[in-house]
Amino acid sequence: MSQALVHAVQVRKSYGSTEVLKGINLDVNAGEVVCLLGPSGSGKTTFLRCINQLEEIQAGRIFVDGDLMGYKDKGAKGGRLQRLKDKEIAAQRREIGMVFQRFNLFPHMTAVDNVMEAPVKVKGQRRSAVRAEALELLEKVGLGDKASAYPGQLSGGQQQRVAIARALAMQPKLMLFDEPTSALDPELVGEVLEVMRDLAKQGMTMLVVTHEMAFARDVADRVVLMDAGVVVEEGAPSQVINHPKHQRTKDFLGRLRSEHERVAEAAAELI
Ligand code: ADP
Ligand code: MG
């Protein structure tokens, strides 16, 4: 099939009577990095959560690698859908790695145990086999020497890198990132973006919500701008970021720039 790895069609999601996603169409091709931009409250997190089935959608379809997420299609075109069983949904979710703004590591477990947890518990793999892979993943995110450290002994940037290694341990087809550097001190942002950059180079399919414009410009194959539950504009990063067509994109980028400038000025005053 020539279908994209992520193929979202007319996705609608409401909380109560408030519609948050108003018919999102979005594709991510295999091996592609797509950055999802947009103002706070535009529905970016909700959309990622829908892909990963942490939320049920009210209309539309989401396919990941050809699988209809969350539902069984009961035949007839556009026909009725039947919700999959929890176990089947869990199996679909296992194929998708997700990294959140907050790292959510298990505080009572070492870095390597955090990375091993899902393959051991969910896939029932042998600890000895998984351990070697987990150590390799920690090496890959630059934390080969921190395997025995507890999250409380690691910086935010290091914890987020463990969280990325933990997601990779399940050998996902797709990685979803939700503002993975937003909760970090500025000096720790770079090390996390560097790991994500490497992952992109190795061909991982990634959908990344971020406000890091330099990352979007350098790493993304495509950027998508969302606002108020719709996709406003999408295209090559150089085009959307440097030559936005839509007023809402211009407004968003303008606000982001003045915010950056304010932060830079405040930092300069401190020095
Ligand atoms: P973004 O990630 O782009 O900032 P979100 O997806 O978090 O946006 O939120 C989109 C809208 O949905 C916001 O108006 C938010 O208040 C609302 N929302 C998000 N989660 C919930 C929820 N669990 N219940 C009700 N409203 C929600
Ligand atoms: Mg969000």
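Before reading further, recall that the structure is shown in the block above.
Note that the structure is predicted; figures quoted are calculated from it, not measured. Throughout, residues of each chain are indexed from 1 in the direction in which the sequence is written. As a convention, the first chain written is A and the first ligand written is 1, with the rest following in written order. Local features are withheld for residues below a pLDDT of 70 in this predicted model, meaning they are given only at 70 or higher, and side-chain atom pairs are given and counted only at 80 or more; totals for whole chains, interfaces and linings count all residues. To get the side-chain values, all heavy atoms of the structure are used, and hydrogens and water are removed first.

Enquirer: Would you explain the overall build of the protein in this entry?
Expert: Helix and strand assignments follow DSSP, with helices taken as H or I runs no shorter than four residues and strands as E runs no shorter than two, numbered in order from the N terminus. Tallying secondary structure elements over the protein gives nine helices and 12 strands in all. Taken against the 2.2 N^0.38 rule, which gives 18 Å for 271 residues, the C-alpha radius of gyration of the protein at 19 Å falls within 12% of a compact globule. With respect to the three principal axes, the spread of C-alpha positions in the protein is 55 × 50 × 35 Å. In what follows, residue pairs with any heavy atoms lying within 4.5 Å of each other are defined as contacts. Pairs at least 24 residues apart make up 62% of the contacts formed inside the protein by residues separated by at least 6 positions. Total accessible area computed for the protein in this model is approximately 13500 Å², and 48% of it derives from carbon and sulfur atoms. Positive and negative side-chain charges in the protein, numbering 36 and 35 respectively, have mean positions lying 7 Å apart. The size measure is the radius of gyration over C-alpha atoms, and the globule rule it meets is 2.2 Å times the number of residues to the 0.38 power. With residues, only the protein chains shown are counted as cover, and all accessible areas are computed by Shrake-Rupley using a 1.4 Å probe. We count Lys and Arg on the positive side and Asp and Glu on the negative side, and we leave His and both chain ends out. Think of each charge as sitting on NZ of Lys, CZ of Arg, CG of Asp or CD of Glu.

Enquirer: Would you mind showing me how to read the pairing of strand β12 (residues 230-235) here?
Expert: For a regular strand, the rule is simple: side chains alternate between the two faces of the sheet. Between any two strands, at least two bridges found by DSSP are needed for them to pair. Note: strand β11 (residues 222-227) against β12, five bridges, orientation antiparallel. Considered in β12, the bridge of Val224 is made with Glu234. Counted along the chain from β11 to the antiparallel partner β12, the turn is two residues long, and its residue Ala228 has a positive phi close to 50°.

Enquirer: In this structure, what is going on with helix α5 (residues 156-168)? I would like to understand it.
Expert: For an α-helix, the turn length of 3.6 residues means that residues three or four places apart are oriented alike. For α5, with 13 residues, the first-to-last C-alpha span of 18 Å sits near the 18 Å given by 1.5 Å per residue. Each residue's exposure class comes from its accessible area (1.4 Å probe, protein chains only) as a fraction of the maximum for that residue type: buried when under 20%, exposed when over 50%, partly exposed otherwise. Among the 13 residues that make up α5, 13 are buried, leaving the element largely enclosed by the rest of the structure. What a helix is expected to span follows from its residue count: subtract one and scale by 1.5 Å.

Enquirer: What am I meant to see in the side chain of Asn52 here?
Expert: On the secondary structure map, Asn52 appears in the loop between α1 (44-51) and β4 (59-64). Accessibility expressed as a relative area gives 3% for Asn52, which makes it buried. With sequence-adjacent residues up to four places away left out, Asn52 is seen in contact with Arg93, Ile96, Met98 and Leu176.

Enquirer: Please clarify how the sheet that holds strand β5 (residues 67-68) should be interpreted in this entry.
Expert: Where strands meet in a sheet, backbone hydrogen bonds hold them as pairs that are either parallel or antiparallel. In spatial order, the strands read β2-β1-β4-β5; together these four strands make up an open sheet with antiparallel pairing. At either end of the open sheet lies a strand with only one pairing partner, and these are β2 (18-28) and β5. Pairing geometry for strand β1 (residues 6-15) and β4, over five bridges, is antiparallel. Residue pairing across strands places Ala8 opposite Ile62, the latter belonging to β4. Every angle, taken between N-to-C directions, lies between 0 and 180 degrees, and every axis is a line fitted to C-alpha atoms, over only the stretch in contact when it is a helix. Along the sheet face, α1 touches β1, β2 and β4 and points at about 65° away from the line of β2.

Enquirer: Just to check I follow, could you spell out the side chain of Thr249 for this structure?
Expert: Within the secondary structure, Thr249 is located in helix α9 (residues 247-270). We classify Thr249 as buried; its relative accessible area is 0%. The contacts of Thr249, once residues within four sequence positions are left out, are Leu225, Val232, Glu233, Val240 and Pro244.

Enquirer: Can you help me understand the environment of Phe106 in this one?
Expert: With respect to the secondary-structure elements, Phe106 resides in the loop between β8 (96-99) and α3 (111-121). In this structure, the C-alpha to C-alpha distance between Phe106 and Leu188, residues 82 residues apart in sequence, is 21 Å. The contact partners of Phe106, leaving out residues within four places of it in the chain, are Asn114, Glu117, Pro151 and Arg166.

Enquirer: Can you help me understand the site of ligand 1 in this one?
Expert: Being near a molecule or strand, for a residue, comes down to having at least one heavy atom within 4 Å of it. Around ligand 1 sit Tyr15, Val20, Pro39, Ser40, Gly41, Ser42, Gly43, Lys44, Thr45 and Thr46, and that is every residue in its neighbourhood. Between an oxygen atom of ligand 1 and a main-chain N or O atom of Ser42, the distance comes to 3.1 Å. With respect to ligand 1, the side chain of Lys44 contributes an N or O atom lying 2.7 Å from an oxygen atom. In isolation ligand 1 exposes 560 Å². Once the protein is present, 56% of that is buried. The leading source of residues in the shell around ligand 1 is α1, at three residues. Polar contact is the term for a pair of N or O atoms within 3.5 Å; when the atoms are in protein, one must be able to donate a hydrogen and the other to accept it, and sequence-neighboring residues count only if both atoms are side-chain atoms.

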